[in-house]
Amino acid sequence: MNSVQSTSSITVAKFGGTSVADFQAMLRCANIIKNDTRNRLVVVSASAGVTNYLVRLSQKNVAVNEQKDIIASIGVIQVNITQHLAKEVEADLNQQISSLLDELTLHALTQSLQYTSKTTDAILAFGEQLSSRIFAQVLQSIGVSGEYFNVQQVMKTNSSHGKAVVDITQLSEQSAQLLAPKLHDKVIVTQGFIGQDSQGNTTTLGRGGSDYSAALLAEALNGDNLSIWTDVVGIFTTDPRITDQARAIKEISFGEAAEMATFGAKILHPATLIPAMRRNIPVFVGSSKEPEKGGTQIKQKVASNPTYRSIALRREQTLVTVKSPAMLHASGFLAKVFTVLAKHELSVDLITTSEISVALTFDNPSGSTQSLITNTVVAELEQLCEVSVEHGLSLVAVIGNGLTCAKGIGQSIFETINDINIRLICHGASANNICFLVAEADANSVVEKLHNNLFS
Ligand code: ADP
Ligand code: ASP
Ligand code: MG
């Protein structure tokens, strides 16, 4: 049983929102931990639905009645879990939940008066703070000595709220001092997604960021394995919600999986594999509901490197086309365009150029209500050139190996979807992907058709 560390091996196990959604789900996760003594650190997301509630709560002008309803709904999700625990544990946890929700109420009221990204992060962090406290007790209820740990002691970040950058040197030093010694005789339960800046303010790493937190902690602790437990039995050839033809992949290289995450496969936060690759830590992805079914192993070297590995889809893309006759045979034009973009901290994803125009794509972070390309950005670009902005696009990425030199690629990919209007194509920069933009309305059928052609 997982009470005392029997080996020096450390696995960091991360459980996503659906895995900690209710008591039964938490219990399944607790048993996964119990059954393998290598699991020493558990990183949890907020219970499913809670972060979405918090996002709503953090928006401008939410009426006080709605604030109350949201906070009450979060409370119900959590106490529905604690009611299954021993009476005194339930009472103690409910007390903690109630004081956290009181604190949340104050934050929500402040937010109505002075909305900032700092106060938004303070609100978003409550989900993980609640679920981690409860999960530690669920572990204890099945005889595992689980202990809650506040990740903000070690996860120090800059102050870029909503997309905070972690100080990995501090993380490694503080983890060695505050976290590693605890792992010998306890299973430590901590929060994904959240951090703290140098002024002590709460920060967050971006939606879906718990995967990344877990990978950073695995790196900091010199972990041997990272397990990402979620609601599907591994990484599939495409999102199984789009087509039931999608198949689980047994093993995949770091490079391929990182491309999938970057190009929108929600199964992993885009940055997750960076720390794992730095330390060559193998990553497992599996279903906490069906752990017996195994999952996907992500590692440096894999037995096969097929031309086509998977298809990823990223929605809510913005395409900006800048056009100027002055570009013809001129130098320095693009530098000026990029200076404007850099000033507004806009990161360009794809780029294609013609003689007098350049097309650039931008990823709108999921859940954001306003376009990244604000009127101010457009106005500043218009000082340099003509600007057009298009929304409602999706980026389809075909991921594989040797895609810059394999023959017949154009035919295999584009013949299948020759009835679709393709807005932009990027090929050549990476041997691991070919990507193109299509209208949002066509996206699912493009993925389905391509999948049928490339993987059946
Ligand atoms: P968690 O809450 O555990 O982090 P997510 O919802 O963030 O889970 O990620 C799991 C979901 O990712 C799956 O339910 C699936 O719909 C989606 N997904 C997208 N692309 C893929 C893929 N290639 N393979 C598996 N799942 C994928
Ligand atoms: N709870 C956060 C979210 O829903 C982080 C995560 O689940 O990874 O985005
Ligand atoms: Mg996720």
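Scope of this entry: the structure provided in the associated data block. (Residues numbered from 1 in each chain as written. Chains lettered and ligands numbered in written order. Predicted model: local features only at pLDDT ≥ 70, side-chain atom pairs only at ≥ 80, totals over all residues. Heavy atoms only, no water.)

## Considering the overall build of the protein
How we decide: Each helix is a run of DSSP H or I of at least 4 residues and each strand a run of E of at least 2, with the numbering of both proceeding from the N terminus. It is over C-alpha atoms that the radius of gyration is taken, and the globule rule equals 2.2 Å times the number of residues to the power 0.38. Using a 1.4 Å probe on the protein chains alone, a residue whose accessible area is under 20% of its type maximum counts as buried, one over 50% counts as exposed, and one in between counts as partly exposed. Throughout, a residue-residue contact means that at least one pair of heavy atoms, one from each residue, lies within 4.5 Å. Computed by Shrake-Rupley with a 1.4 Å probe, the accessible areas treat only the displayed protein chains as cover when residues are assessed.
From N to C terminus, the protein includes 14 helices and 16 strands. The globule rule puts the C-alpha radius of gyration for 456 residues at 23 Å, and the 23 Å found for the protein is close to it. Across its three principal directions, the C-alpha atoms of the protein cover 75 × 55 × 40 Å. Residues classed as buried in the protein amount to 50% of the 456 residues present. Contacts in the protein between residues far apart in sequence, at least 24 positions, make up 77% of those at least 6 positions apart. Within the structure as shown, the protein displays about 19,900 Å² of accessible surface, and the carbon and sulfur contribution to it stands at 50%.

## Focus on the packing of helix H3 (residues 64-82) against helix H4 (residues 87-113)
Quick note on the threshold: Orientation is described by axes fitted as lines to C-alpha atoms, over the contacting stretch for helices, and by angles from 0 to 180 degrees between their N-to-C directions. Roughly parallel here means an angle under 35 degrees, roughly antiparallel means over 145, roughly perpendicular means 65 to 115, and every remaining angle is called oblique. Crossing handedness follows the turn of the near helix against the far one: under a right angle anticlockwise gives a left-handed crossing, and clockwise gives a right-handed one. Any residue outside Ala, Val, Leu, Ile, Met, Phe, Trp, Tyr, Cys, Pro, Asp, Glu, Lys and Arg is labelled polar, Gly included; the first ten of those are nonpolar and the last four are charged.
In contact at an axis separation of 10 Å, H3 and H4 are set at 160 degrees when each is read in the N-to-C sense. Between H3 and H4, the interaxial angle falls into the category roughly antiparallel. The two elements H3 and H4 cross, and the hand of that crossing is right-handed. Contacts from Val 64, Gln 67, Ile 71, Ile 74, Gly 75, Gln 78, Val 79 and Thr 82 in H3 reach Glu 90, Leu 93, Asn 94, Ile 97, Leu 101, Leu 104, Thr 105, Ala 108, Leu 109 and Ser 112 in H4. Here the contact of H3 with H4 is composed, by residue class, of 10 nonpolar, 7 polar and 1 charged.

## What about the site of ligand 1?
Heads up, the condition is: We call a residue near a molecule or strand as soon as one heavy atom of that residue lies within 4 Å of the molecule or strand. Two N or O atoms form a polar contact when they lie within 3.5 Å of each other; inside protein one atom must be a possible hydrogen donor and the other a possible acceptor, and for residues adjacent in sequence the pair counts only when both atoms belong to side chains.
The environment of ligand 1 is formed by 17 residues, the closest being Thr 230, Phe 236, Asp 239, Arg 241 and Lys 266. Within the backbone of Phe 236, a nitrogen or oxygen atom sits 2.8 Å from a nitrogen atom of ligand 1. Contact distances for ligand 1 include 3.4 Å between an oxygen atom and a backbone N or O atom of Ile 267. For ligand 1, the accessible surface in isolation is 570 Å², of which the surrounding protein chains cover 90%. Classifying every residue of the shell around ligand 1 by side-chain character gives 7 nonpolar, 5 polar and 5 charged.

## Considerations on the site of ligand 2
Every residue lining ligand 2 is accounted for by Ser 45, Ala 46, Thr 51, Glu 128, Phe 193, Arg 207, Gly 208, Gly 209 and Ser 210. Contacts to ligand 2 include Glu 128, whose side-chain N or O atom sits 2.6 Å from a nitrogen atom. Taking Gly 208, its main chain carries an N or O atom lying 2.8 Å from an oxygen atom of ligand 2. Coverage of ligand 2 by the protein amounts to 87% of the 270 Å² it exposes when considered alone. Tallied by class, the residues present in the shell around ligand 2 amount to 2 nonpolar, 5 polar and 2 charged.

## Things to note about the pairing of strand S7 (residues 225-230)
Spelled out, the test is: DSSP-based pairing: two strands are paired if at least 2 bridges between them are found.
A large share of S7 lies buried, amounting to 5 of its 6 residues. Inspection of the sheet shows strand S1 (residues 11-15) paired to S7 by 5 bridges, in the parallel sense. By the bridge assignment, Thr 11 is partnered in S7 with Asn 225. Pairing analysis gives 5 bridges linking S7 to strand S9 (residues 283-287), with the strands arranged parallel. Across the sheet, Ile 228 pairs through a bridge with Val 285, a residue of S9.

## Focus: the sheet that holds strand S10 (residues 295-299)
The strand order across the open sheet built from 8 strands is S3-S4-S2-S1-S7-S9-S10-S8, with neighbouring strands paired in mixed fashion. The open sheet is flanked by strand S3 (146-148) and strand S8 (251-253), the only strands paired with a single partner. The average angle at which neighbouring strand axes cross in this sheet is 25 degrees, direction not considered. Looking at chain direction, S9 and S10 are connected through 4 bridges and run antiparallel.

## Regarding the pairing of strand S2 (residues 39-44)
Definition in use: With the strands pointing away from the viewer, any crossover whose connection runs clockwise from the first strand over the helix to the second is right-handed.
When you tally the buried positions in S2, you get 6 out of 6 residues, the bulk of the element. Two elements, S1 and S2, share 5 bridges in a ladder whose sense is parallel. Across the sheet, Ala 13 pairs through a bridge with Val 42, a residue of S2. For the crossover that starts at S1, traverses helix H1 (residues 23-34) and ends in the parallel S2, the hand is right-handed. Bridge count for S2 against strand S4 (residues 187-191) is 4 bridges, and the pairing is parallel. Each bridged residue has a counterpart across the sheet, and for Val 42 the counterpart in S4 is Val 189.

## Section: helix H8 (residues 210-220)
Summarising burial for H8: 11 of the 11 residues are buried, a large majority. What H8 keeps buried is the set Ser 210, Asp 211, Tyr 212, Ser 213, Ala 214, Ala 215, Leu 216, Leu 217, Ala 218, Glu 219 and Ala 220. Immediately downstream of H8, the backbone of Asn 222 shows phi near 60 degrees, a positive value.

## Some details on the nonpolar core
As a reminder, the rule being used: Take the buried Ala, Val, Leu, Ile, Met, Phe, Trp, Tyr and Cys residues and link them wherever side-chain atoms come within 4.5 Å; each set so joined is a nonpolar core.
In terms of nonpolar packing, the biggest core is built from 101 residues, with Phe 15, Phe 135 and Ile 298 touching the most fellow members. Residues Ile 311, Ile 417, Val 438 and Leu 454 belong to the second largest nonpolar core, which totals 20 residues.

## Topic: the state of the cysteines
As used in these notes, a disulfide is a covalent bond between sulfur atoms, one from each of two cysteines. Filter applied, for reference: By convention in this document, the label disulfide applies to cysteine sulfur atom pairs within 2.5 Å.
Under the definition given, this model contains 0 disulfides. Left unpaired, Cys 385 is separated from the closest cysteine sulfur, that of Cys 426, by 19 Å. The class for Cys 385 is buried, based on a relative accessible area of 9%. We note that Cys 405 lacks a disulfide partner, and the nearest cysteine sulfur, in Cys 435, lies 17 Å from it.

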